[in-house]
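Fold and contact review
Listed here are the chains, written in short residue letters.
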Amino acid sequence: MDTEAAVLGLESSCDETAAAVLRADGTILAEAVLSQEKEHSPYGGVVPEIAARAHLEHLPRLVAQVMEKAGLEFSQLAGIAATSGPGLIGGLIVGSTLGKGIALAHGLPFVAVNHLEAHALTATLPGVVETPVRFPYLLLLLSGGHCQCVAVEGVGRYRRLGTTLDDAVGEAFDKAAKLLGLPWPGGPALERLAKAGNPARIPLPRPLLGRPGCDFSWSGLKTAVAHAVARCPGGAPSDQDKADIAAAFQAAVAAVLADRAKHALAMLPEATAMVVAGGVAANQAVRGALSAAAAKRGLPLVAPPIRLCTDNAVMVAWAGVERLRLGLTDELGHAPRPRWPLEGLAA
Ligand code: AMP
Ligand code: MG
């Protein structure tokens, strides 16, 4: 593919509506992300129907906006890449159908992008990280919807080494935050609160720590937070109690993630780096623990800038570029898939 060729990427699998135009050499010509935080926060979590309607309302405008910024007509694009799974089906239908419509109208190739693959390949986007990573590497996907250790061996070549048995780690942050009376999404608020807390005063369990493999389990930790709150005098924790519980929760999560990452690295001895993605990668305690775990194996912890760690369309366009390079395009009849494991991508 010509390095000047540009791809339009669309993301609508959860609660971020995003569009981006990316050149095949990795130059970001335009990007736009609209978070639906305001729409969902009254409900304390993502409401699928509201998400779908918001994507429908905003995505066409974002597409027009990024195309204008990029200074391109649709007919000048090399292809359209739209997240087609995994995710919430309503949003997936909105984004992939819009992408297919543009592809059909302008005779362009369409790429149905797996959202997890897009996260996995972000670290290979030129200019995104200081030292570009080489395959194979370990990806820790730590978001509101996913919690996985993935061996990234090449484009389309992934092995899931471990996953959560119950909640995603971002979901665990959100639920613990809710128990502490914090607004949704709770991760950032819990991190701020934890700064004033003593992690040792109210110790919390560290699920699966030291166990073989690299699966995760967070629901017991969440229940332990509920019990810790209930044990406070009158079931009403003071501000200091809340800060201490937040600090203990964050310390437990960081310790478990570091332990699971250590096991995952042992399962992928050829790894050249540990890469993190997902909203939880914004957490400084988590980053510190993972970075220490990677350093013990002499590996760097690679974290793309936060705007590219959370859901965005640049990563979708980049996955599109990589797939188009390999001649991997999809039929317009490709059905979006709410569940779509990475292993299913092997060509
Ligand atoms: P994503 O699913 O990638 O869009 O990321 C959203 C998730 O990341 C939510 O569950 C947030 O609570 C979580 N999150 C965002 N920032 C932080 C943070 N600083 N610490 C912990 N979790 C966070
Ligand atoms: Mg999100």
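- For the chain, the name recorded in an unreviewed UniProt entry is tRNA N6-adenosine threonylcarbamoyltransferase, with Roseicella aerolata as its organism.
- Quoted verbatim from the Catalytic activity (unreviewed entry) field of the UniProt record, the comment on the chain reads "L-threonylcarbamoyladenylate + adenosine(37) in tRNA = N(6)-L-threonylcarbamoyladenosine(37) in tRNA + AMP + H(+)".
- Word for word, the UniProt comment on the chain under Sequence similarities (unreviewed entry) is "Belongs to the KAE1 / TsaD family."

What about the sheet that holds strand S9 (residues 274–277)?
- As summarised here, the arrangement of the five strands in space is S8-S7-S6-S9-S10, forming an open sheet in which the pairing is mixed. Edge positions in the sheet fall to strand S8 (157–163) and strand S10 (301–302), since each of these pairs with one other strand and no more.

Brief notes about the coordination of the magnesium ion (ligand 2)
- Every protein donor of the magnesium ion (ligand 2) is listed here as Asp15 (OD) and Glu16 (OE), and their distances to the metal cover 2.3 to 2.4 Å.
- Classification of glutamate 16 as buried rests on a relative accessible area of 16%.

Concerning the site of ligand 1
- Taken together, 17 residues lie near ligand 1, and Gly144, Asp174, Gly187, Glu191 and Gly279 sit nearest.
- Between an oxygen atom of ligand 1 and a main-chain N or O atom of glycine 144, the distance comes to 2.8 Å.
- Contact between ligand 1 and glycine 279: an oxygen atom at 2.9 Å from a main-chain N or O atom of the residue.
- Here ligand 1 loses 88% of its free accessible area of 510 Å² to cover by the protein chains.
- When residues of the shell around ligand 1 are traced back to their parent elements, those giving at least two are helix H5 (169–179) and helix H6 (186–194).

Some thoughts on the state of the cysteines
- Counted under the stated rule, the structure contains zero disulfides.
- Here cysteine 147 stays free of any disulfide, with the sulfur of cysteine 149 as its closest cysteine sulfur at 7.3 Å.
- A relative accessible area of 1% means that cysteine 147 is categorised as buried.
- Of the cysteine sulfurs around cysteine 309, a residue in no disulfide, the closest is that of cysteine 147, at 14 Å.
- In this structure cysteine 309 comes out as buried when scored by relative accessible area, which is 0%.

Let's talk about the side chain of threonine 164
- Here threonine 164 lies in the loop between S8 and H5.
- Only 3.1 Å separates the side chain of threonine 164 from the backbone nitrogen of aspartate 166, close enough to count as a polar contact.
- Discounting chain neighbours no more than four positions away, the residues touching threonine 164 are Cys147, Phe216, Ser217 and Trp218.

Let's talk about the sheet that holds strand S3 (residues 28–35)
- Taken in spatial order, the five strands make up an open sheet running S3-S2-S1-S4-S5, and their pairing is mixed. Looking at strand neighbours, the two that pair on one side only are S3 and strand S5 (110–114), the edges of this open sheet. Looking at each pair of strands side by side, their axes are set apart by 20° on average, direction ignored.
- One ladder, built from six bridges, connects strand S1 (residues 6–11) with strand S2 (residues 16–23); its direction is antiparallel. Note that in S2 the partner of leucine 8 across the bridge is valine 21.

Describing the side chain of glutamate 191
- The residue glutamate 191 is located in helix H6 in this model.
- Despite being buried, glutamate 191 has no salt bridge partner; lysine 195 is the closest side chain of opposite charge, sitting 4.9 Å away.
- At 2.8 Å, the side chain of glutamate 191 and the backbone nitrogen of glutamine 284 are in polar contact.
- Contacts of glutamate 191, omitting those with residues within four sequence positions, involve Gln250, Ala282, Asn283, Gln284 and Ala285.

So, how was this worked out
Residues numbered from 1 in each chain as written. Chains lettered and ligands numbered in written order. Predicted model: local features only at pLDDT ≥ 70, side-chain atom pairs only at ≥ 80, totals over all residues. Heavy atoms only, no water. UniProt positions renumbered as here; feature names shortened; annotations may be inferred. Pairing = 2+ DSSP bridges. Helix = DSSP H or I, 4+ residues; strand = E, 2+ residues; numbered from the N terminus. Donors = N, O, S within 2.8 Å, 3.2 Å for Na, K, Ca; no water. Buried < 20%, exposed > 50% of the residue type's maximum accessible area, 1.4 Å probe, protein only. Near = heavy atom within 4 Å. Polar contact = N/O pair within 3.5 Å; in protein donor to acceptor, adjacent residues only side chain to side chain. Areas by Shrake-Rupley, 256 points an atom, 1.4 Å probe, with all protein chains shown as cover. Disulfide = S-S within 2.5 Å. Contact = heavy atoms within 4.5 Å. Axes fitted to C-alpha atoms, helices over the stretch in contact; angles between N-to-C directions. Lys, Arg positive; Asp, Glu negative; His and termini not counted. Salt bridge = Lys/Arg side-chain N within 4 Å of Asp/Glu carboxyl O.

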